[in-house]
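# Reading the structure
What follows is each chain in one-letter form.
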Amino acid sequence: MKTFTKIAVALALFAGVVLASCTSECYESRRSLLGVAFLDSISLKPLTVQRLTVKGVGSDSILYNNVNVNSVFLPLHITQEKTEYEFVIKPATEEEVTVSFVLTVNCNVRPFFVNKECGCVASYYIKDMSYTSNTFVKKAEIYKAEILNLEGDVHIKIYN
């Protein structure tokens, strides 16, 4: 009987290990984010924007709130081709004025299959982009039009 108990315990442990290794979890990113980098227009080096707030136009959600960053990663609409973001840069002193502008991005939305566990993820292709006139942006350009679910990719460069 002792041998049967040892075998049963060993089989139960083996079954537990096998079942635990068969979980279907998705370790891939399921979001394709628009990467926007800020650069100095003279040196072309990354520029840290102080006290930046970014929110989606037509949305209550604040994506970045009063942060110091040189790039931001923003979600795009999955059901619409046009996504708009409002950027607000708060002044360092009372003598300066708050700068704000709206960045509009028009994309083609395409689903693509990642793998069996993760399923489909939306990818995007930037058709064009524009921004409202302001004192911060000297120039903006599409750097990489295809937006996949790769972390840290930069798609639009904004020069100050």
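Presented here is an overview of the structure given in this document.

The rules behind each value
- Residues numbered from 1 in each chain as written.
- Predicted model: local features only at pLDDT ≥ 70, side-chain atom pairs only at ≥ 80, totals over all residues.
- Heavy atoms only, no water.
- Pairing = 2+ DSSP bridges.
- Helix = DSSP H or I, 4+ residues; strand = E, 2+ residues; numbered from the N terminus.
- Core = buried A, V, L, I, M, F, W, Y, C linked by side-chain atoms within 4.5 Å.
- Buried < 20%, exposed > 50% of the residue type's maximum accessible area, 1.4 Å probe, protein only.
- Polar contact = N/O pair within 3.5 Å; in protein donor to acceptor, adjacent residues only side chain to side chain.
- Contact = heavy atoms within 4.5 Å.
- Axes fitted to C-alpha atoms, helices over the stretch in contact; angles between N-to-C directions.

### Remarks on the sheet that holds strand β9 (residues 146-147)
- The six strands are arranged β3-β2-β5-β6-β7-β9 in an open sheet whose pairing can be described as antiparallel. A strand with exactly one partner marks an edge of an open sheet, and here the two such strands are β3 (62-69) and β9.
- Alignment of strand β2 (residues 49-56) against strand β5 (residues 82-89), held across five bridges, turns out to be antiparallel. Of the residues in β5, the one forming a bridge with K55 is E86.

### Observations concerning the nonpolar core
- Core analysis: the biggest nonpolar cluster contains 31 residues, and F38, F87, V105 and F136 have the highest contact counts within it.
- Every element with two or more residues in this core is listed here: β1 (33-39), β2, β3, β4 (71-75), β5, β6 (99-115), β7 (119-131) and β10 (156-159).
- Element by element, the count of residues in this core is highest for β6, at five residues.

### So, the side chain of D153
- Position of D153 among the secondary structure elements: in the loop between β9 and β10.
- Within polar-contact distance, the side chain of D153 engages the side chain of K144 at 2.9 Å.
- Setting aside residues no more than four positions away along its own chain, D153 makes contact with G35, F73 and K144.

### Quick word on the sheet that holds strand β8 (residues 139-142)
- An order of β4-β1-β10-β8 is seen for the four strands of this open sheet, with the pairing classed as mixed. The open sheet has two free edges, formed respectively by β4 and β8, since each of these has just one partner strand. Taking the axes of each pair of neighbouring strands and ignoring which way they run, one obtains an average angle of 20° across the sheet.
- Judged from the five bridges that link them, β1 and β4 form a sheet pairing that is antiparallel. Along β4, the bridge assignment pairs L33 with P75.

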